[in-house]
There are 2 protein chains.
Amino acid sequence: MANTREQLVAATKELLWERGYEATSPRAILEKSGAGQGSFYHHFSSKAALAAAALQEAADDMRCNLEPILHSNAPALQRIRDYLTMPREELRGCRIGRMTHEPIIRQDETLRDPIVAYFSYAEQELATVLAEAQREGALSENINVDDLAATLLATVQGGYVLARGFQDPERMHQAIRGALTLIDSIEQKKEV
Amino acid sequence: MANTREQLVAATKELLWERGYEATSPRAILEKSGAGQGSFYHHFSSKAALAAAALQEAADDMRCNLEPILHSNAPALQRIRDYLTMPREELRGCRIGRMTHEPIIRQDETLRDPIVAYFSYAEQELATVLAEAQREGALSENINVDDLAATLLATVQGGYVLARGFQDPERMHQAIRGALTLIDSIEQKKEV
DNA sequence: GTCTATATCGAGATAGAC
DNA sequence: GTCTATCTCGATATAGAC
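Residues numbered from 1 in each chain as written. Chains lettered and ligands numbered in written order. Predicted model: local features only at pLDDT ≥ 70, side-chain atom pairs only at ≥ 80, totals over all residues. Heavy atoms only, no water.

- Chain A carries the name TetR family transcriptional regulator in an unreviewed UniProt entry, which gives Reticulibacter mediterranei as its organism.

Pasting the structure below:
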């Protein structure tokens, strides 16, 4: 079947999310995907190659989730709030962010590429929307939008870390609420 | 030697920081510590037990680093800034935070305990200092200090994630700068 | 393209001598 | 308390038939 390959990738996406790279064995991938031993190494040269394909897909998925939120019709600062409050699987962690501490990604460029690509995209997009907010007069021109974009991204990533650490989704919500409060505080209200 | 145990723990602390739990093998611990096979299982019943001891020490170390910064003579909000800008090994990641995505911590309470303890301590301390800032008149009473404490902690944890993802320490600094800007923006200056 | 068999290696732990 | 020998298992990959 031509889509055995797809099933391998799909299974790997799930397992990488749940367990990370180190803890995901070819055996587990075969079981989850229903594929056989031979198929694995026919379609991919190694576990790392399969993981790279899976991570690439995961990053693409995440971009697709982000895109409509940051490009809606809402005022720019509202889109930032929408980003912060979009639904997340707090306890599963970020599919991309959770990979950053795996030893492998320091050695294997192809595995780090999707991570860099996603984070670059997200930071860039957030910064763009923040710049729009400045043009709309909702945000002071003194704010460095690149820095703030990084802060927002970090808050979300750190929110996952806290939620995982405490095994409690509320911990991420708390961090997000704090960020929302800060956004509220610096918003420049229009005269009425 | 009585301190073979200590050397096992010290080596494990390093390896956990560098590679995490899954990727740290007993073999590597033995090599790094210079201890022998027998010593390992004499002093500890399992890899998990040794890791728990090592994590506990790491968490204690981190508390010791935090304590003087958050209890200095500086004004409360300055102590918050000092926390944000304290030196960090950006590319190594957080010894505690990096563990949160390891599958094992969902099952093993003894491994999650030091994580929960450290994060609880940090959030609590940050919230206390923020409340002091409110009493000093530097911070609006409208701010929920628990939420903001979580946000700051998350920013640092997320900063590590970004720095690791990009393999670039500057990414954490960027996130921190954004947070500092937000703190500046909400600070209530005293009349002169 | 997929299957089964097989190979190599290291992980994690135990046993019993010293 | 430490050593060496040993055990079992799974991770990762290869080989060659179908």
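Back to the text.
## A short note on the side chain of Glu90(A)
Residues and elements named next belong to chain A.
Phase 1 of the analysis: Inspection of the secondary structure assignment puts Glu90 in the loop between helix H5 (76–85) and helix H6 (104–107).
Phase 2 of the analysis: There is no salt bridge for the buried Glu90, and the closest opposite charge comes from Arg88, which lies 7.4 Å off by N-O distance.
Phase 3 of the analysis: Contacts of Glu90, omitting those with residues within four sequence positions, involve Tyr160, Ala163, Arg164, Pro169, Met172 and His173. (Helix = DSSP H or I, 4+ residues; strand = E, 2+ residues; numbered from the N terminus. Buried < 20%, exposed > 50% of the residue type's maximum accessible area, 1.4 Å probe, protein only. Lys, Arg positive; Asp, Glu negative; His and termini not counted. Salt bridge = Lys/Arg side-chain N within 4 Å of Asp/Glu carboxyl O. Contact = heavy atoms within 4.5 Å.)

## Quick word on empty space enclosed by the protein
If a probe as big as a water molecule is rolled over the atoms, it shows which places are left empty.
Phase 1 of the analysis: Taken as a whole, this structure holds five cavities of 30 Å³ or more when the rule is applied.
Phase 2 of the analysis: Space inside the largest cavity adds up to approximately 150 Å³.
Phase 3 of the analysis: Residue lining of the largest cavity: 15 residues in total, with Arg98(A), Glu102(A), Arg98(B), His101(B) and Glu102(B) positioned closest to the centre.
Phase 4 of the analysis: Its residues assigned to classes, the lining of the largest cavity comprises four nonpolar, three polar and eight charged. (1 Å grid on protein atoms, 1.4 Å probe; cavity = no way out; pocket = protein on both sides within 12 Å on 5 of 7 lines; lining within 4 Å. Points joined across faces, edges and corners; volume = space filled by probe spheres on them. Nonpolar A, V, L, I, M, F, W, Y, C, P; charged D, E, K, R; others polar.)

## A look at the packing of aromatic side chains
When we look at a pair of aromatic rings, we describe it by the centre distance and by the angle of the planes.
Phase 1 of the analysis: This model, assessed by the stated rule, comprises six aromatic pairs over all chains.
Phase 2 of the analysis: Where Phe40(B) meets Tyr41(B), the ring centres are 4.4 Å apart and the plane angle is 40°; that geometry is what we call tilted.
Phase 3 of the analysis: On the basis of relative accessibility, which here comes to 46%, the residue Tyr41(B) falls in the partly exposed class.
Phase 4 of the analysis: Ring centres of Tyr118(B) and Phe119(B) lie 5.9 Å apart, and the angle between their planes is 50°; on these two criteria the pair is classed as tilted.
Phase 5 of the analysis: Judged by its relative accessible area of 0%, Phe119(B) is buried.
Phase 6 of the analysis: An aromatic cluster is present here, built from Tyr118(A), Phe119(A) and Phe166(B) joined pairwise through their rings.
Phase 7 of the analysis: We note Arg95(A) situated over the ring of Trp17(A); from NZ or CZ to the ring centre the distance is 4.7 Å. (Phe/Tyr/Trp six-rings, centres within 6.5 Å; stacked < 30°, edge-to-face > 60°. Lys NZ or Arg CZ within 6 Å of the ring centre and 35° of its normal.)

## Observations concerning the pattern of salt bridges
Phase 1 of the analysis: The full count for this structure, using the stated rule, is 29 salt bridges over all chains.
Phase 2 of the analysis: Taking the shortest distance from any N to any O, the salt bridge between Glu123(A) and Arg171(B) comes out at 3.2 Å. Here Glu123(A), found in helix H7 (residues 109–135), pairs with Arg171(B), found in helix H9 (residues 170–186), and the two come from separate chains.
Phase 3 of the analysis: Take Glu123(A): its relative accessible area is 7%, and that puts it in the buried class.
Phase 4 of the analysis: Residue classification places Arg171(B) among the partly exposed positions, given a relative accessible area of 22%.
Phase 5 of the analysis: When the shortest N-O distance is used, the salt bridge between Arg81(B) and Asp184(B) registers 2.6 Å. Here Arg81(B), found in helix H5 (residues 76–85), pairs with Asp184(B), found in helix H9; they are 103 residues apart in sequence, far enough to count as distant.
Phase 6 of the analysis: In this structure, a network of salt bridges that share partners links the residues Lys13(A), Glu57(A), Asp61(A) and Arg95(A).

## A few points about the interface of chain B and chain A
Phase 1 of the analysis: Every contact between the two is made by 48 residues of chain B and, on the other side, 48 residues of chain A.
Phase 2 of the analysis: Summing both sides of the interface, chain B and chain A together bury roughly 4100 Å²; the carbon and sulfur share of this comes to 67%.
Phase 3 of the analysis: In this structure, the salt-bridge partner of Asp147(A) is Arg177(B), at a minimum N-O distance of 3.0 Å.
Phase 4 of the analysis: Counting across the interface, chain B meets chain A through 15 residue pairs in polar contact (both at pLDDT 80 or more).
Phase 5 of the analysis: Mapped by element, the contributors of at least two residues to the side of chain B that touches chain A are helix H6 (104–107), helix H7 (109–135), helix H8 (145–166) and H9 of chain B.
Phase 6 of the analysis: At 16 residues, H8(B) tops the list of elements feeding residues into the side of chain B that touches chain A.
Phase 7 of the analysis: Its residues assigned to classes, the side of chain B that touches chain A shows 19 nonpolar, 16 polar and 13 charged. (Buried area = accessible area lost by both parts, 1.4 Å probe. Polar contact = N/O pair within 3.5 Å; in protein donor to acceptor, adjacent residues only side chain to side chain.)

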